[in-house]
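Below, each chain spelled out in residue letters.
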Amino acid sequence: MNVPALTLNNGVEIPALGFGVFQTPPEETATAVDTALRVGYRHIDTAAAYGNERGVGEAIARSGLDRSDVFIETKIWISDYGYDETLHSFDKSAGKLGVEQIDLLILHQALPGEFQLTIDAYRALETLLADGKVRAIGVSNFMPDHLARLAEQSSIVPAVNQIEVHPYFQQKELLAADRERGIISQAWSPIGGITFYRDGSKGSTLEDSVIVDIAGTHGKTPAQVMLRWHLQEGRQVIPKSVTPSRIEENFDVFDFELTADQVIAIDDLDTGVRGGPEPEAVTLETFGRDIPEA
Ligand code: NDP
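In this report, we go over the structure that sits alongside the text. (Residues numbered from 1 in each chain as written. Predicted model: local features only at pLDDT ≥ 70, side-chain atom pairs only at ≥ 80, totals over all residues. Heavy atoms only, no water.)

### What about helix α5 (residues 144–152)?
For step 1, the next point in the chain: Buried residues of α5: His146, Leu147 and Leu150, and no others. Across the axial projection of α5, the buried residues extend over an arc of 100°, all falling on one side.
For step 2, the next point in the chain: Summarising the contacts, the buried residues of α5 are in contact with α4 (115–130), β7 (134–140), β8 (160–164) and α6 (172–181). (Buried < 20%, exposed > 50% of the residue type's maximum accessible area, 1.4 Å probe, protein only. Helix = DSSP H or I, 4+ residues; strand = E, 2+ residues; numbered from the N terminus. Arc of directions from axis to C-beta. Contact = heavy atoms within 4.5 Å.)

Laid out in structure tokens, this is it:
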């Protein structure tokens with residue numbers, strides 16, 4: 001089946017449902033992506049910092065699919081920010097992925113304390129876009145203030161902002177800021193992965209009674225209900241799994257519809273508690289790491 005597409009602000013289309021590979025070990029990545037491509041996913045989200053771009057590229061190359069049939073997204077890590085550094089980081093990622101062109105290239109985080117470096121990195125993305133090396137550019141974990149500062153010093157509106165969104169952490173103000181600027185919000189940890197694989201103390205969205213009950217009414221699973229909730233609210237989603245049955249399950253979300261009341265019931269589960277790092281607190285000192293050459 002073909003996944004419905006969302007149209008980015010520059011006219012490029014992205015499947016509404018993609019496949020994430022954060023924390024997928026490099027040696028398991030090609031196998032997981034093979035499975036995803038066989039199931040029908042046509043968008044893979046990786047990152048230089050995940051250390052598994054090579055596995056993503058291997059699976060795409062051996063899939064037999066046309067390059068134009070698979071949408072590849074990757075992210076520049078903060079240690080490679082700066083104009084020349086970010087241009088070079090494209091070469092590293094493209095080399096590992098084994099492709100000439102990347103569909104969507106985004107900045108993984110803002111560096112709030114060294115915002116000029118972030119701007120310089122974004123300018124490099126603008127150059128890569130103008131040169132046709134990437135089809136769209138964007139950001140991740142940018143808060144409304146970061147988006148405003150970026151807008152003051154750049155000419156191209158990011159196509160996406162990839163941010164933590166799941167029923168327990170919904171960032172409604174940030175979603176509104178994205179919407180007002182014409183930026184598509186991509187939900188990371190869309191089924192709340194970060195609520196259960198961190199330390200378990202926040203409880204698991206998969207076991208939430210509201211979500212479990214809604215799932216029961218549709219004969220679907222909690223993960224499928226959460227993915228459907230994002231899709232119905234217009235967000236792009238990138239669930240991750242290395243488990244073939246779950247990779248299939250997460251793709252099987254286009255044959256049912258949540259009612260308006262069910263969507264509202266999930267909207268009401270927001271705790272306001274972030275699972276991931278506080279974007280304002282990201283620094284090179286705490287999060288910097290070397291990204292190897294291709
Ligand atoms: P997810 O919400 O996708 O959850 C992934 C976890 O859920 C894994 O432990 C997986 O286990 C498990 N799982 C997957 N499907 C099911 C299912 N149907 N039922 C039960 N358990 C399931 O969290 P992620 O944090 O991985 O986020 C998804 C993607 O978002 C990442 O892979 C990455 O691409 C992106 N991301 C981006 C970030 C950023 O800063 N920009 C930060 C974090 C993520 P298993 O694999 O063992 O099956």
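### Side note on the packing of helix α3 (residues 83–97) against α4
For step 1, the next point in the chain: The N-to-C vectors of α3 and α4 enclose an angle of 50°; their axes lie 7 Å apart at closest approach. With respect to α4, the axis of α3 lies oblique. Of the two possible hands of crossing, α3 and α4 adopt the one that is right-handed. Contacts between α3 and α4 involve Tyr83, Thr86, Leu87 and Phe90 on the former and, on the latter, Asp120, Ala121, Arg123, Ala124, Leu125, Thr127 and Leu128.
For step 2, the next point in the chain: Residue composition of the contact of α3 with α4, by class: seven nonpolar, two polar and two charged. (Axes fitted to C-alpha atoms, helices over the stretch in contact; angles between N-to-C directions. Parallel < 35°, antiparallel > 145°, perpendicular 65-115°, else oblique. Left-handed = near helix turned anticlockwise from the far one by under 90°. Nonpolar A, V, L, I, M, F, W, Y, C, P; charged D, E, K, R; others polar.)

### Some remarks on the side chain of Gln162
For step 1, the next point in the chain: Mapped onto the elements, Gln162 comes out in strand β8.
For step 2, the next point in the chain: Take Gln162: its relative accessible area is 2%, and that puts it in the buried class.
For step 3, the next point in the chain: A polar contact is formed between the side chain of Gln162 and the side chain of Asp45, at a distance of 3.2 Å.
For step 4, the next point in the chain: Beyond its immediate chain neighbours, meaning those up to four positions away, Gln162 contacts Asp45, Glu73, Lys75, Ile106, Val139, Ser140, Asn141, Gln186, Trp188 and Ile238. (Polar contact = N/O pair within 3.5 Å; in protein donor to acceptor, adjacent residues only side chain to side chain.)

### A look at the site of the ligand
For step 1, the next point in the chain: Around the ligand, the surrounding shell holds 29 residues, and the nearest of these are Asp45, Tyr197, Lys240, Ser241 and Thr243.
For step 2, the next point in the chain: A distance of 3.4 Å separates an oxygen atom of the ligand from a polar backbone atom of Gly192.
For step 3, the next point in the chain: Taking Lys240, its side chain carries an N or O atom lying 2.7 Å from an oxygen atom of the ligand.
For step 4, the next point in the chain: In the complex, the protein chains occlude 91% of the 900 Å² of accessible area that the ligand would expose alone.
For step 5, the next point in the chain: When contributions to the shell around the ligand are tallied by element, the ones reaching two or more residues are α7 (193–197) and α10 (244–251).
For step 6, the next point in the chain: A class-by-class count of the residues in the shell around the ligand yields 13 nonpolar, eleven polar and five charged. (Near = heavy atom within 4 Å. Areas by Shrake-Rupley, 256 points an atom, 1.4 Å probe, with all protein chains shown as cover.)

### Digging into the side chain of Glu164
For step 1, the next point in the chain: Of note, Glu164 is situated in strand β8.
For step 2, the next point in the chain: Arg274 provides the closest opposite charge to the buried, unpaired Glu164, separated from it by 4.6 Å.
For step 3, the next point in the chain: There is a polar contact of 2.9 Å between the side chain of Glu164 and the backbone nitrogen of Gly276.
For step 4, the next point in the chain: Residue contacts for Glu164: discarding those within four places in its chain leaves Asn141, Phe169, Gln171, Trp188, Ile194, Arg274, Gly275 and Gly276. (Lys, Arg positive; Asp, Glu negative; His and termini not counted. Salt bridge = Lys/Arg side-chain N within 4 Å of Asp/Glu carboxyl O.)

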